[in-house]
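This is what each chain is made of:
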Amino acid sequence: MNIGILGTGHIGKTLARKLSAAGHDVKVANSRGPETIEADVLAFGARAVSTAQAVEDVDAVILSIPLNRIPTIAPLIANLPAETVVIDTSNYYPHRDEKIDAIEAGQVESLWVAEQLSRPIAKAWNAIGSGSFATKGKPAGSPDRIALPVAADRQNDRSVAMALVEDTGLDAFDAGTIADSWRQQPGTPCYCTDLAREQMAAALASADGSRSPKRRDLAVAVMQERLGDATTNPDADFGVRLSRAIYM
């Protein structure tokens, strides 16, 4: 599959490595230019390109950028064919993204993203910590393989996103529609808790939208106290322990 990835942060660079290692033709771009993309991101065959080139002649585009930057790439996405699958990996963190009034008022994060882009999207890879994503993938059928929720409205978007999640060493779990994707947002039981497939349905069902923003903010406060700031990612094991203690 021909894939374009926008963003080379912790999640984006792991996506580039894992999807190219799985045999996909991967182009990757960031806002600073292809010359700034580190060699390890390209170690398995991904190619560094401009943002415009990243979305040309691709079957799927994966957005791995801060949520508040989604509107800035909307013009690029507007030119994609209707059948191109667009996958959103973002999460809303007010301390990082600045407050977005619609989301603060209760709009589902990925519904806001779809609204900014004026097209259907899938949501995946948002509910796993970057440390776990980089190091804990396993072949299909392995015991204790981590499961990841995938939400979409169009069946082809869902099928493609789930297949690509599987290619990154995780069990893809159908989490329903984009309107239901609040159940995999920060502060919910499936968010960064590294659950197995058989645990995922109950975790999604037990999500409480009225409490998840407060739980998200509590986790940020704890990480800020432990790590000294609210943007440094914790190591994988600490992140999972913290998420399970607060979100489940």
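Residues numbered from 1 in each chain as written. Predicted model: local features only at pLDDT ≥ 70, side-chain atom pairs only at ≥ 80, totals over all residues. Heavy atoms only, no water.

In the annotation of an unreviewed UniProt entry, the protein is listed under the name 2-hydroxy-3-oxopropionate reductase and assigned to Microcoleus asticus IPMA8.

Read from one edge to the other, the open sheet built from 8 strands follows the order β3-β2-β1-β4-β5-β6-β7-β8, with strand pairing classed as mixed. Either end of the sheet is taken by a strand with one partner, and the two such strands are β3 (47-48) and β8 (171-174). The sheet contact formed by strand β5 (residues 85-88) and strand β6 (residues 122-123) spans 2 bridges and is parallel. Paired with I87 across the bridge in β6 is A122. (Pairing = 2+ DSSP bridges. Helix = DSSP H or I, 4+ residues; strand = E, 2+ residues; numbered from the N terminus.)

For the rest of this paragraph, the subject is the pairing of strand β2 (residues 25-29). Remember that side chains alternate between the two faces of the sheet whenever the strand is regular. Taking burial as the measure, the 5 residues of β2 include 4 buried ones, the bulk of the element. Where strand β1 (residues 2-6) and β2 come together, 5 bridges link them in parallel fashion. If you follow L6 over to β2, its bridge partner there is A29. Each parallel crossover has a hand, and for β1 linked through helix α1 (residues 10-21) to β2 it is right-handed. As judged from the 2 bridges shared by β2 and β3, these two strands associate in the parallel manner. (Buried < 20%, exposed > 50% of the residue type's maximum accessible area, 1.4 Å probe, protein only. Right-handed = clockwise from strand over helix to strand, strands pointing away.)

Turning our attention to helix α3 (residues 70-78). For α3, the complete set of buried residues consists of I70, I73, A74 and I77. On an axial view of α3, the arc spanned by its buried residues comes to 145 degrees, and they lie on one face. Exposed residues on α3 whose side chains face more than 90 degrees from its buried face are T72 and P75. On the buried face of α3, the contacting elements are β4 (60-63), β5 and α6 (109-117). (Arc of directions from axis to C-beta. Contact = heavy atoms within 4.5 Å.)

Turning our attention to the packing of aromatic side chains. As enumerated under the stated definition, the model contains 1 aromatic pair in all. Where Y191 meets Y247, the ring centres are 6.0 Å apart and the plane angle is 55 degrees; that geometry is what we call tilted. Taken together, the positions of Y191 in the loop between β8 and α9 (197-205) and Y247 in helix α11 (residues 236-247) put the pair 56 residues apart, joining distant regions of the chain. By relative accessible area, Y247 is classed as buried at 3%. The ring of F238 has R226 sitting right over it, with the charged end atom 3.9 Å from the ring centre. (Phe/Tyr/Trp six-rings, centres within 6.5 Å; stacked < 30°, edge-to-face > 60°. Lys NZ or Arg CZ within 6 Å of the ring centre and 35° of its normal.)

When you tally the buried positions in strand β7 (residues 147-152), you get 6 out of 6 residues, the bulk of the element. Side-chain alternation along β7 places A147, P149 and A151 on one buried face and L148, V150 and A152 on a second face that is also buried. Regarding topology, helix α8 (residues 155-167) serves as the crossover connection from β7 to the parallel β8, and that connection is right-handed.

What follows is about the side chain of D97. Secondary-structure assignment places D97 in helix α4 (residues 94-97). Since its relative accessible area comes to 2%, D97 is described here as buried. Here R96 takes part through its side chain, which lies 3.0 Å from a polar atom of the side chain of D97. (Polar contact = N/O pair within 3.5 Å; in protein donor to acceptor, adjacent residues only side chain to side chain.)

The next thing to look at is the pattern of salt bridges. Where charged atoms of side chains with opposite charge meet at close range, the side chains can pair. In total, this model carries 12 salt bridges according to the counting rule given. For R145, the salt bridge is made with E166, and the minimal N-O distance between the two is 2.7 Å. Separated by 21 residues along the polypeptide, R145 in the loop between α7 (130-135) and β7 and E166 in helix α8 bring together distant segments of the chain. Residue classification places E166 among the partly exposed positions, given a relative accessible area of 25%. (Salt bridge = Lys/Arg side-chain N within 4 Å of Asp/Glu carboxyl O.)

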